[in-house]
Amino acid sequence: MLKTTVEDILKATGGTLLAGDERQFVTAVETDSRLCGPGMLFVPLTAARDGHDFLGAALAAGAEGALCSKTPENFAPGKFYVAVADTRLALKALASWYRAKFSIPFVQITGSVGKTTTKEMIGAVLSEHYNTLRTEGNFNNDIGVPKTLFRLMPEHEAAVIETGMNHFGEIRYLGEMVRPDVAVISNVGDAHIENLGSREGILRAKCEIFEHLKPTGFAVLNGDDALLNTVHPAVPVCRCGEGAGCNVRIADVREHGIEAVSCTVVTERAAYDLRIPAPGRHMIYAAAMAAVVGERLGLSKEEIEAGVAHYEPAGERMRMLRHESGALLLSDCYNANPQSMAAAIETLGRSGCTHRIAVLGDMGELGAISRQAHYDAGALCAAQGVETVLAVGEKSAEIARGAAESGCADVRHFETREAACAVLERLLGPDCAVLIKASHAMGFQAITARLTQKT
């Protein structure tokens, strides 16, 4: 973060200085008192705990000052305090003010499935030409997006910002800060349907991204998504897909086991031969979107093709690991919804291994479709030749039922991941592939960690 004075903070937030000097400054913003240190502004938020309770600890750790919506009883010497009506809204206002300092292309991404994959793919491509800031991990909410924007520095030449949501108004809220030149929607699926009522509701929520898209900007959409094809924003639109209605066409798709996918992406300007170093046919959409963003922002054919080839998955998304037994582990533990679960099971089916095991857990926020979605995941395991299904969690009892009724040879249901892992360890061996996938709340990262700590 560039040097930001208290005077700047007051102007950006409309706050009132309670103590300190307008000439004091910060070079970072933090909302977690445990991470505070010298040069930082502490912004206490109210969640499970009121961040104001940790204001003293944050300042003692070295923070230079704080925003506050509650006046402290005492002011620490040498620290500044800025009173605001709402610290969350003040964080947004400060991030918006800071973003305005940078006249570089901003790409905002949302979607039900594949947001982070698309963000990493676009980031990889743009990084071939520009010094590109991108969202770390999945810092894509009302706290993560401001923190990402505060990382902008003069050396950055482009920014790729992921934005997530589970309620109406969230993409609008984040877009007010990002104000993108490019709006990207990866797809419209069933994630968060419990809160948004229907896929049509999810579509409306995703389309809030256009409200702050610059009039001179453009949109990049999944052209094979039927709902997205009903959307016609008032800017040029690049629809990426295999369908006849797409103006960015994907052709010659070839899967190379679970090591890579290749395809040709044809735009009005050029044809790109792309090799994606990750499994799954669904990866063609992220690659095509990255290609068209790169093209529109001035990259050469060589840079675009190299950027796609340099893609690396983020976090716990479809990592391919080896167990000491020789078994292949497909760790896709970050999150799960019906679409991403199906893609992962299909990848397991294409593993080429003789023995296929799916360790699957609950998918959250599916509302009325939850029971059927879990059952269908189990049935898909059978269709993909998965021999063993280890289902974990209350909702995943339906995964087990779907797998058993559809013909999987070995189906077991567990209440805890520890119990499932104990059984799994006895099943591992050479020529065995294991998919580990569930919603983030299930903590399946612990299964991967347990299996790999001995390797």
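The paragraphs below set out a description of the structure included in this document. Note that this is a predicted model, so its numbers are computed, not measured.

## A word on the sheet that holds strand E21 (residues 410-414)
At step 1: A sheet is described by the order of its strands in space; here 6 strands give the open sequence E17-E18-E22-E19-E20-E21, paired in mixed fashion. In the strand order of this sheet, the two ends are held by strand E17 (319-322) and E21, each with one partner. Taking each pair of neighbouring strands and ignoring which way they run, the sheet shows an average axis angle of 15°.
At step 2: Sheet topology note: the strand E19 (residues 355-361)/strand E20 (residues 388-392) ladder contains 5 bridges and is parallel. Bridge pairing in E20 places Val-359 opposite Leu-390.
At step 3: The sheet strands contacting helix H13 (residues 397-406) are E19, E20 and E21, and the helix crosses E21 at an angle near 170°.

## Quick notes on the packing of aromatic side chains
For any two aromatic rings, the description comes down to two numbers: the centre-to-centre distance and the angle of the planes.
At step 1: Within the structure shown, the criterion is met by 3 aromatic pairs.
At step 2: Pairing Tyr-98 with Phe-150 gives two aromatic rings, centres 6.0 Å apart and planes at 55°, and the pair type is tilted. With Tyr-98 in helix H3 (residues 87-99) and Phe-150 in the loop between helix H5 (144-149) and strand E10 (158-162), this residue pair connects regions lying 52 residues apart in the sequence.
At step 3: Site record: aromatic cluster; members linked through ring pairs are Tyr-98, Phe-102 and Phe-150.
At step 4: When the ring centre of Phe-25 is taken as origin, the NZ or CZ atom of Lys-3, which lies over that ring, is 4.4 Å away.
At step 5: Directly above the ring of Tyr-173 sits Lys-92, whose terminal nitrogen or CZ lies 4.3 Å from the centroid.

## Focus: the pattern of salt bridges
At step 1: Scanning the entire structure with this criterion turns up 23 salt bridges.
At step 2: The shortest N-O distance in the salt bridge between Asp-21 and Arg-23 comes to 2.7 Å.
At step 3: A residue is classified by how much of its surface remains accessible, and Arg-23, at 66% relative accessible area, is exposed.
At step 4: Between Lys-214 and Asp-181 there is a salt bridge, and its shortest N-O distance comes to 3.3 Å. Of this pair, Lys-214 sits in the loop between helix H8 (199-206) and strand E12 (218-222) while Asp-181 sits in the loop between helix H6 (170-178) and strand E11 (182-185), and the two are 33 residues apart along the sequence.
At step 5: With a relative accessible area of 28%, Lys-214 lands in the partly exposed category.
At step 6: Where salt bridges share partners, they join Arg-371, Glu-398, Arg-401 and Glu-405 into one cluster.

Parameters at a glance
- Residues numbered from 1 in each chain as written.
- Predicted model: local features only at pLDDT ≥ 70, side-chain atom pairs only at ≥ 80, totals over all residues.
- Heavy atoms only, no water.
- Pairing = 2+ DSSP bridges.
- Helix = DSSP H or I, 4+ residues; strand = E, 2+ residues; numbered from the N terminus.
- Axes fitted to C-alpha atoms, helices over the stretch in contact; angles between N-to-C directions.
- Contact = heavy atoms within 4.5 Å.
- Phe/Tyr/Trp six-rings, centres within 6.5 Å; stacked < 30°, edge-to-face > 60°.
- Lys NZ or Arg CZ within 6 Å of the ring centre and 35° of its normal.
- Salt bridge = Lys/Arg side-chain N within 4 Å of Asp/Glu carboxyl O.
- Buried < 20%, exposed > 50% of the residue type's maximum accessible area, 1.4 Å probe, protein only.

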